[in-house]
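Each chain, letter by letter, is given below.
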There are 2 protein chains.
Amino acid sequence: MKKEEIIKQIRTKKSFLCVGLDTDISKIPKFLLSYDDPIFEFNKRIIDATKDLCVAYKPNIAFYESMGAKGWTSLEKTIKYIPKNIFTIADAKRGDIGNTAKKYAETFFSTYNFDSITVAPYMGDDSVTPFLEYSNKWTIILGLTSNKGSNSFQNLVLENGSKLYKEVLSVSSSWGNTDNTMFVVGATKAQDLKEIRKIIPNHFLLIPGIGVQGGDLEEVIKNGLNSDIGVLINSSRGIIYAGDDEKFAEKARLKAEIIQQQMAKYL
Amino acid sequence: MKKEEIIKQIRTKKSFLCVGLDTDISKIPKFLLSYDDPIFEFNKRIIDATKDLCVAYKPNIAFYESMGAKGWTSLEKTIKYIPKNIFTIADAKRGDIGNTAKKYAETFFSTYNFDSITVAPYMGDDSVTPFLEYSNKWTIILGLTSNKGSNSFQNLVLENGSKLYKEVLSVSSSWGNTDNTMFVVGATKAQDLKEIRKIIPNHFLLIPGIGVQGGDLEEVIKNGLNSDIGVLINSSRGIIYAGDDEKFAEKARLKAEIIQQQMAKYL
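Everything quoted here is computed from the prediction, not taken from an experiment.

Before going further, it helps to spend a moment on the interface of chain A and chain B. Counting residues at the interface gives 55 residues for chain A and 55 residues for chain B. Taken together, the two surfaces of chain A and chain B that pack against each other cover about 4500 Å², and 57% of this comes from carbon and sulfur. The largest share of the area that chain A buries against chain B comes from A:Lys103, A:Tyr122 and A:Phe153, three residues that together contribute 15% of it. Where chain A packs against chain B, one counts six salt bridges. One salt bridge in this structure joins B:Asp96 and A:Lys93, with 3.0 Å as the shortest N-O distance. The interface formed by chain A and chain B contains 28 residue pairs in polar contact (both at pLDDT 80 or more). Listed by contribution, the elements that provide at least two residues to the side of chain A that touches chain B are helix 3 (61-65), helix 4 (69-81), strand 3 (87-94), helix 5 (98-111), helix 6 (125-132), helix 7 (150-153) and helix 8 (164-172) of chain A.

Here is the structure:
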């Protein structure tokens, strides 16, 4: 998907919401377990209920992988079910040497036809460039994560006085361009967003952590938006697990609507 | 698998060779393509031909993933086929926030019953500790990688004068212990091995890069071994693609034997 199409979707729907499909067999409503493919059935209903309110879906690959081969089948059906004008993100955080990265790119861009994949940059340029070779596909590089453990290394100070994650943003933004690269930036660090925008003013940012992870939507909007809008804000558990009965999809829609309406104020 | 058992296998077989199962449908002998599951058929024959010469098998998950659901079925059959006294490594390089890391641990330790998995430490402690909660399983943390791109970030100098990868080794070695944690250390940096051994003298190291990636076996042995032996040396393409006809498995065995015999000199 081209950047212009993403921006058009955002302006049309007045939303830059991404719904995270962290679909966990132990958390979905029990009545779905009698279906042939409960994971897909859950996703299908969430998609039907939210597709006019969001511009992206982000399946978290770990949840599908943990189900073995049948999890990958549920994932495949899910991706095929998502309307073509909605951006798809494989939240896979892959990162490996060149010939292996090439295989991961093949998996998510060819075998499953995702629009984008999240990747870890720490193995360096040759671990990311194979993803950048696909046209109309996006590589979403981990810039700064929203978990507590992000302090272990990402905030280390280098001899030049810069923090490690800033060096990572600066260096890895040169591997591709603003038409094929986005960055994951943890929303709980909204105070850092201003500084991040100094390093990468024009890239799209994927911001997780609204809701369960505690980010502040208005803060993020104030510091993260650029002239292209330039942000996708993800919410997973806060939306998809809003209900645990037969009305779970309607309840998910209500949660998505609250976020979308806040976003609409800025568009 | 307990450490004592790994060491016993090494001493019995006079080998610390790990065979990397980077099984690529486009590189295996053509005659295998007529089989129902060519990937498994290839692995089965490689395992039969090398199992007395190596102490570990390391499937590179990217190669299975790229085949979709059927690739995961080939992987499952492969893992079940590997003799129980041989250490298995899921080369997956996963790394994500806590609740996702937990799912990845479940995938590789429960669903597929691997003995170990490679993980990326850069998202911090909470991205690794869920793997450490499994008893008799191993977490193999990326310490220093052997690819050219490792220079992008891993060798950055911190304000305390230490290189980033050394800080990573030092900090992440405190998350677990020498009975549940190993480190990936790129063999092409054999000159760095001495210094690495100062930081983590007692951990097992998984050393890739012998062969195609250009590492020097004797150099690695000289600088990497400890009183437990403490190293697993991986070779993938150099062994499994030694031949491309009906005798590919015998040819792979010959390549594995050359390495094993060099190792035997030190055991």
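Our focus in this paragraph is the relation of the copies chain A and chain B. Put simply, the second copy of the chain is the first one after a rotation about an axis and a shift along it. Superposing chain A onto chain B requires a rotation of 180° together with a translation of 0.0 Å along the rotation axis, leaving an RMSD of 0.0 Å. Such a combination of rotation and displacement between the chain copies is what one expects of a two-fold axis. A share of 100% of the interface residues of chain A reappears at the interface of chain B, consistent with the copies meeting face to face through the same patch.

What follows is about the sheet that holds strand 1 (residues 17-21) of chain A. Residue and element names in this part refer to chain A. In spatial order, the strands read 1-2-3-4-5-6-7-8; together these eight strands close into a barrel with parallel pairing. With direction set aside, neighbouring strand axes in the sheet form an average angle of 30°. Where strand 6 (residues 181-185) and strand 7 (residues 204-207) come together, three bridges link them in parallel fashion. Across the sheet, residue Val-184 finds its bridge partner in strand 7, namely Leu-206. Taken strand by strand, helix 5 contacts strand 3, strand 4 (116-119) and strand 5 (138-144), and its axis lies near 155° from that of strand 3.

Position of A:Ser152 relative to the elements: it lies in helix 7. Taking the relative accessible area as the measure of exposure, A:Ser152 reaches 17% and is therefore buried. For the pair A:Ser152 and A:Glu76, spaced 76 residues apart in sequence, the C-alpha separation works out to 35 Å. Polar contacts involving the side chain of A:Ser152 include one to the main-chain amide nitrogen of B:Asp125, which spans 3.2 Å.

Before going further, it helps to examine the sheet that holds strand 1 (residues 17-21) of chain B. Residues and elements named next belong to chain B. Taken together, eight strands build a closed barrel; the order of strands is 1-2-3-4-5-6-7-8 and the barrel is parallel. With direction set aside, neighbouring strand axes in the sheet form an average angle of 30°. Against the sheet, helix 8 (residues 190-199) engages strand 5 (138-144), strand 6 (181-185), strand 7 (204-207) and strand 8 (231-235), with an angle of about 155° to strand 7.

Now for the packing of aromatic side chains. In this structure the tally under the stated criterion is 26 aromatic pairs over all chains. On the numbers, 5.0 Å between centres and 10° between planes, the contact of A:Phe42 with A:Phe248 is stacked. Of the two residues, A:Phe42 sits in helix 2 (residues 38-50) while A:Phe248 sits in helix 12 (residues 248-264), which places them 206 residues apart along the sequence. No difference in accessibility class separates A:Phe42 from A:Phe248, as the two residues are buried. Here the aromatic residues A:Trp72, A:Phe108, A:Tyr112, A:Phe114, B:Trp72, B:Phe108, B:Tyr112 and B:Phe114 are joined through ring pairs into a cluster of three or more.

Residues and elements named next belong to chain B. The buried fraction of strand 1 amounts to five of the five residues, a majority that puts the element mostly inside the structure. Covered by surrounding structure in strand 1 are Leu-17, Val-19 and Leu-21 together with Cys-18 and Gly-20, the residues of both alternating faces. Sheet analysis places strand 1 next to strand 8, joined by three bridges and oriented parallel. Note on strand 8: the bridge partner recorded for Cys-18 is Asn-234. Crossover strand 1 to strand 2 (residues 56-59) through helix 2 (residues 38-50) is right-handed.

Attention shifts here to the pairing of strand 6 of chain A. Residue and element names in this part refer to chain A. Among the five residues in strand 6, five count as buried, and that is most of the element. Residues of strand 6 alternate between two faces, with Thr-181, Phe-183 and Val-185 on one and Met-182 and Val-184 on the opposite face, all of them buried. Bridge count for strand 5 against strand 6 is five bridges, and the pairing is parallel. Within strand 6, the residue paired with Ile-140 across the bridge is Met-182.

The next point concerns the confidence of the model for chain A. Detailed reading of the predicted coordinates is not advisable wherever pLDDT falls low. Counting all residues, the mean pLDDT for chain A is 95, and 97% of those residues have values of 70 or more. Reported for the predicted complex are a pTM of 0.96 and an ipTM of 0.95.

Looking now at helix 11 (residues 248-264) of chain B. Residue and element names in this part refer to chain B. The end-to-end C-alpha separation of helix 11 is 24 Å, in line with the 24 Å expected for 17 residues at 1.5 Å each. Regarding helix 11, the residues found buried are Phe-248, Ala-249, Ala-252, Ala-256, Ile-259, Gln-260 and Met-263. Viewed end-on, helix 11 has its buried residues packed into an arc of 100°, placing them on one side of the element. Buried residues along helix 11 sit against helix 1 (3-13), strand 1, helix 2, helix 9 (217-224), strand 8 and helix 10 (237-240).

All names here are of chain B. Their axes nearest at 9 Å, the elements helix 7 (residues 164-172) and helix 8 cross at an angle of 30°. Crossing of helix 7 over helix 8 shows right-handed handedness. Every residue of helix 8 that contacts helix 7 at Tyr-165, Lys-166, Leu-169 and Ser-170 is listed here: Asp-192, Glu-195, Ile-196 and Ile-199. A breakdown of the residues in the contact of helix 7 with helix 8 according to their chemical character gives four nonpolar, one polar and three charged.

Here we come to the side chain of A:Thr50. All names here are of chain A. Its place among the elements puts Thr-50 in helix 2. Owing to a relative accessible area of 0%, Thr-50 belongs among the buried residues under this scheme. At 2.7 Å, the side chain of Thr-50 forms a polar contact with the side chain of Tyr-57. Once residues lying within four places of it in the same chain are set aside, the contact partners of Thr-50 are Val-19, Tyr-57, Ala-252, Arg-253 and Ala-256.

The rules behind each value
Residues numbered from 1 in each chain as written. Chains lettered and ligands numbered in written order. Predicted model: local features only at pLDDT ≥ 70, side-chain atom pairs only at ≥ 80, totals over all residues. Heavy atoms only, no water. Contact = heavy atoms within 4.5 Å. Buried area = accessible area lost by both parts, 1.4 Å probe. Salt bridge = Lys/Arg side-chain N within 4 Å of Asp/Glu carboxyl O. Polar contact = N/O pair within 3.5 Å; in protein donor to acceptor, adjacent residues only side chain to side chain. Helix = DSSP H or I, 4+ residues; strand = E, 2+ residues; numbered from the N terminus. Least-squares fit on C-alpha atoms with pLDDT ≥ 70 in both. Pairing = 2+ DSSP bridges. Axes fitted to C-alpha atoms, helices over the stretch in contact; angles between N-to-C directions. Buried < 20%, exposed > 50% of the residue type's maximum accessible area, 1.4 Å probe, protein only. Phe/Tyr/Trp six-rings, centres within 6.5 Å; stacked < 30°, edge-to-face > 60°. Right-handed = clockwise from strand over helix to strand, strands pointing away. pLDDT = per-residue confidence, 0-100. Expected span 1.5 Å × (residues − 1). Arc of directions from axis to C-beta. Left-handed = near helix turned anticlockwise from the far one by under 90°. Nonpolar A, V, L, I, M, F, W, Y, C, P; charged D, E, K, R; others polar.

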